[in-house]
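Descriptive analysis of the structure
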Amino acid sequence: DIMRQEELIFIGMEHPPPLEPAHDPIVALAKNRQRRKHVQRAHAEEYRQALVSLKDEVAANEAPEMREEMLDQLRDWYIKEHERTGAFPKLEQLTQEPVVEEVPLDDKQKKAKEKADKEKAAKEAKKKGKAQEEEAPPVDRHFMEGMESSFRLWSDKWQLRDEANNFAQRFDAELVKQQVRPEVEEAVREEVRQRIETELQNLEEAFERDRNKGKKKKGKGGKKGKGGKKGKKGKGKKGKAKGPKEPKDIASKTLDQLYRDLVQKELVKKHPSVHMSQYVGSFLNLGKAQEKAFFKAGEERDKLDKLKAAGKVPEDEEGAPPVEEPKFPDPSVPQVRQAVTEWCIWPLGEQELKDQWQGVNAVLLAGSPGVGKRTLANAIATETGANFFDLTPSNTNGKYPGKKGPYEMVFATLKLAKAYQPSVVWIGDVESVFKAGKGKKGAKAAGDPPNRILKPLKELVDHKSEKKRLLARNDRVLIIGATSAPASASAKETKAMLSFFKKAIFLPLPDYPSRSMVWQEALKRAGITRPPADDVQTLARITENYTSGSIMRAVRRSITQRRVDRLDRKPFGTNELIAPLAKETPIYHKEDKDNYEWYVKILGLNAKSADDSGKGGKKGKDAKGGKKK
């Protein structure tokens, strides 16, 4: 019976007995289909999230290069148009087709053209006759176009793509970037268009202003000697109330020629692309408690001094160790980032904000060498898309010599910075610029004195009369001064420096949490994605009194691309960083203490302790930085 039943089942005469669910292929097929649908939904959600995240990545990594390339192309275009037509073009002319003017032909050329047209018509008629004799069947262009587009899509995307390792069939990051790149490019193009429109408007205004200035000068020369004394005095006063005097060599050049000269002299530089997020550091969580303890200790010290003066409390014995008082907290890295963003990036990046809240046109960054002053300046220029001018004494040495050279150099720099807004003017080692006197003979023989640009800088930026200034309050031009040794300046020089730079930002040495974050960021950029936490803590502990710049340089020296390629065979160890780190010079305690006392002094705090330590800080004139942070 069993064999007969199996035979009937085999020939299809009877239904097979029902299988258990675990061995039923139909149930397994339904489960597999359900699992595939779940995986498809998960991949679709992952793809939707990748569209957003990869679009942000493309905007962060590729948008600056797109912007620079588009700006260079548009600037080359309007420079050539200005040289060709003598006027600045409009952006609408880019979409217009060029007008081709027809050149009239003479009699011989007309006859030759008529003969060529007749021969061409005869050949076309002959070809048409042959085509009518052998008429080919019509081709379905719709079908052909579909085949061509499908083949083009396959050859562009999939022909050379290796999918052997993509068994799960997840999205391809490069294909997603290609998909979102046009949207990012369109957004960048609109931003560049607005910026070029602003540049063209500024150039037209500057061109018209220069041309009108020349016309008025000619008119005055022609009317010399005519009219009464009253009229002459009125004209003279009106002429004095005008803007600063422009040197003849600069007035005779166009903005393009002037820009080319400064690029050749390396006063205009291409800054590296740095973002504010790359200036890393930790919050100072105990900062408020330290600040309260500092002020409380100051109040108690004042009470104790009064009691000693009244004779109610005995004086301290000679030779007794000084009592260590609480220290005023240093600004944390997030506080520095916030101050730079609010005072530098926002007004420089948005004209409406600059018009409503003018802020400051000059900012001082003070701190030890390597704490990140140049990094912040590059970040400001990157975030705002600004031009970068460099008036550091070491960079301007030997350029624009002579008695009138410094004025011409500063005037040309500020004129271009005003024309091509937004702009950043960088002055490194600014404490040497504000040094009084002409310097020693040996220093003078070595090169130009660093303070030669001080007088024209004050005259063109910080003149008492706003009409004499080259920079207006609402111009998006920021002068950034950097000093690594602010305490080396005398009280008079410090007062002059803080009078010119209306805002001072102090950059302290990184503390232990900040050093840990700097080490993690440096190792991550070098290719060590997940460094051990214990190693990072050890590195942060042994690099006390080292700056973030020293840490970055040590990592760059030790972890090269060749070392990253060999990580699989030889894992990374912290002992590899010891030798490069030993070549870096730490910031000594005295230097850090001098910078800290200068910072506290410009805030108007701890004046008494400065007097006791022999620094001679007086409350009042020397502490005229109470509002600065």
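A quick note: this is a predicted structure, and the numbers were derived from the prediction, not measured.

Calculation criteria
- Along each chain, numbering runs from 1 in the same order as the chain's sequence is written.
- Reporting of local features is limited, given that this is a predicted model, to residues whose pLDDT is at least 70; pairs of side-chain atoms are given and counted only at 80 or more, and all residues count toward the totals for whole chains, interfaces and linings.
- Note that water and hydrogens are dropped before the side-chain values are worked out from all heavy atoms of the structure.
- Being paired, for any two strands, means DSSP has found at least two bridges between them.
- Helix and strand assignments follow DSSP, with helices taken as H or I runs no shorter than four residues and strands as E runs no shorter than two, numbered in order from the N terminus.
- Throughout, a residue-residue contact means that at least one pair of heavy atoms, one from each residue, lies within 4.5 Å.
- A fitted line through C-alpha atoms serves as each axis, taken over the contacting stretch for helices, and the angle formed by two N-to-C directions is quoted from 0 to 180°.
- A patch consists of residues whose relative accessible area exceeds 30% and which take part in no salt bridge; residues with like charges are grouped when within 9 Å of each other, and nonpolar side chains (Val, Leu, Ile, Met, Phe, Trp, Tyr) when within 5 Å.
- Each accessible area is a Shrake-Rupley result for a 1.4 Å probe, and residues are judged covered by the shown protein chains and nothing else.
- The working definition used for a salt bridge is a side-chain nitrogen of Lys or Arg within 4 Å of a carboxyl oxygen of Asp or Glu.
- In this tally, Lys and Arg are treated as positive and Asp and Glu as negative; His is ignored, and so are the chain termini.
- A single reference atom marks each charge: NZ on Lys, CZ on Arg, CG on Asp, CD on Glu.
- When two rings of Phe, Tyr or Trp (its six-membered ring) have centres within 6.5 Å they constitute a pair, described as stacked for plane angles under 30 degrees, edge-to-face for angles over 60, and tilted for the intermediate range.
- Here's how the labels work: a residue is buried when its accessible area is under 20% of the maximum for its type, exposed when over 50%, partly exposed in between, all with a 1.4 Å probe on protein chains only.
- For the purposes of these results, a polar contact is taken to be a pair of N or O atoms within 3.5 Å, where, inside protein, one atom must be able to donate a hydrogen and its partner to accept one; residues adjacent in sequence count only when each atom of the pair is a side-chain atom.
- What makes a nonpolar core is a set of buried Ala, Val, Leu, Ile, Met, Phe, Trp, Tyr and Cys residues whose side-chain atoms join them at distances within 4.5 Å.
- Here the expected span of a helix is defined as 1.5 Å times the quantity of residues minus one.
- For every residue, the predictor assigns a confidence score, pLDDT, that lies between 0 and 100.
- Geometric relationships in this document are graded by angle, where less than 35 degrees denotes roughly parallel, more than 145 denotes roughly antiparallel, 65 to 115 denotes roughly perpendicular, and other angles denote oblique.
- Note on convention: near helix rotated counterclockwise from far helix by under a right angle means a left-handed crossing. Clockwise means right-handed.

**Here we look at the sheet that holds strand β5 (residues 477–483)**
Strand order in the open sheet formed by six strands is β1-β3-β4-β5-β2-β6, and the pairing between neighbours is mixed. Bordering the open sheet on either side are β1 (268–269) and β6 (503–507), each of which pairs with just one other strand. Contacting β2 (362–367) and β6, helix α25 (residues 589–602) runs over the sheet at an angle of about 145 degrees to β6.

**Focus: a negative patch on the surface**
Together, E65, E68, E69, D72 and D76 make up a negatively charged patch on the protein surface. Among the structural elements, E68 can be located in helix α3 (residues 63–85).

**Describing the packing of aromatic side chains**
Per the counting criterion, the structure on display carries seven aromatic pairs. Each ring, one from F434 and one from F500, has its centre 6.0 Å from the other, and the planes form 55 degrees; the classification is tilted. With F434 in the loop between α16 (430–433) and α17 (441–446) and F500 in helix α19 (residues 491–500), this residue pair connects regions lying 66 residues apart in the sequence. According to the relative accessible area criterion, F500 is buried, its value standing at 3%.

**Some details on the pairing of β5**
For β5, the tally of buried residues reaches seven of seven residues, placing the bulk of the element in the interior. Neither face of β5 is exposed, since V477, I479, G481 and T483 on one face and L478, I480 and A482 on the opposite face are all buried. As paired elements, β2 and β5 share five bridges and run parallel to each other. By the bridge assignment, L364 is partnered in β5 with G481. As judged from the five bridges shared by strand β4 (residues 423–427) and β5, these two strands associate in the parallel manner. Bridge pairing in β5 places V424 opposite L478.

**Quick look at unusual backbone geometry**
The omega torsion of the bond from Q421 to P422 falls at -5 degrees, within 30 degrees of zero and hence cis. Within the element layout of this structure, P422 appears in the loop between α15 (405–419) and β4. A positive phi angle is found at Y400, which is not glycine, with a value near 55 degrees. Structurally, the position occupied by Y400 is in the loop between α14 (393–396) and α15.

**Side note on the environment of L267**
The residue L267 is located in the loop between α9 (255–264) and β1 in this model. Sequence separation between L267 and K399 is 132 residues; the distance between their C-alpha atoms is 9.4 Å. Residues within four places of L267 in sequence aside, it is in contact with L262, F388, F389, D390, N395, T396, K399, Y400, M409 and T413.

**Some remarks on the side chain of K399**
For K399, the position within the fold is in the loop between α14 and α15. Here K399 occupies a buried position and makes no salt bridge, while the nearest side chain of opposite charge, E266, is found at 4.4 Å. From its side chain, K399 meets the backbone oxygen of K265 in a polar contact 2.6 Å long. Look past the residues within four positions of K399 in its chain and what remains in contact with it is K265, E266, L267, M409, D448 and R452.

**Side note on the pattern of salt bridges**
If you walk through the whole model with that rule in mind, you get 22 salt bridges. With a closest N to O distance of 3.4 Å, E57 and K177 form a salt bridge. With E57 in helix α2 (residues 25–61) and K177 in helix α6 (residues 173–222), the pair connects residues that are 120 residues apart, well separated along the chain. The class of E57 is partly exposed, set by a relative accessible area of 34%. Classification of K177 by relative accessible area gives buried; the value is 15%. Shared partners join several salt bridges into a network, and the residues in it are R75, R195 and E199.

**A short note on the nonpolar core**
Ranked by internal contacts, the top residues of the largest apolar core, which has 72 residues, are I479 and F501. When sequence neighbours within four positions are dropped, the list of residues in contact with I479 reads N361, A362, V363, V425, I427, V461, L471, F500 and F501. In terms of nonpolar packing, the next biggest core, distinct from the first, is built from 30 residues, V336, A379, A386 and V424 among them.

**Regarding helix α20 (residues 512–526)**
Taking 1.5 Å per residue, 15 residues should reach 21 Å; α20 reaches 21 Å between its end C-alpha atoms and fits that length. By the burial criterion, the buried members of α20 are S514, R515, S516, V518, W519, A522, L523 and A526. For α20, the secondary structure elements touched by its buried residues are α11 (333–349), α21 (533–542), α22 (548–558), α23 (561–565) and α24 (578–582). Residue G527 follows α20 closely and has a positive phi angle near 120 degrees.

**Focus on the confidence of the model for the protein**
For the protein, mean pLDDT is 77; residues scoring 70 or higher make up 76% of the total. In this model residues 220–241 is a low-confidence stretch, pLDDT under 50, and it forms eight contacts with partners more than four residues away in sequence or in other chains. Ignoring residues within four places in sequence, the model shows residues 607–629, a span with pLDDT below 50, making 41 contacts including any to other chains.

**Some points on the side chain of T547**
Tracing the backbone through its elements, the reader meets T547 in the loop between α21 and α22. Of the polar contacts made by the side chain of T547, one reaches the backbone oxygen of G370; its length is 3.4 Å. Within the structure, the side chain of T547 is placed 3.1 Å from the side chain of S550, a separation counted as a polar contact. Not counting the four nearest positions on each side in its chain, T547 is found in contact with P369, G370, V371, L509, P510 and I587.

**Description of a positive patch on the surface**
A surface patch of like charges, here positive, comprises R33, R35, R36, K37 and R41. Within the secondary structure layout, R41 lies in helix α2.

**Focus: the packing of α20 against α22**
Across the interface, α20 lies against α22 with an axial gap of 10 Å and an inter-helix angle of 30 degrees. By the angle between their axes, α20 is roughly parallel relative to α22. Between α20 and α22 the crossing geometry is right-handed. Contact residues: α20 offers V518, W519, A522, L523, R525 and A526, while α22 offers S548, I551, M552 and V555.

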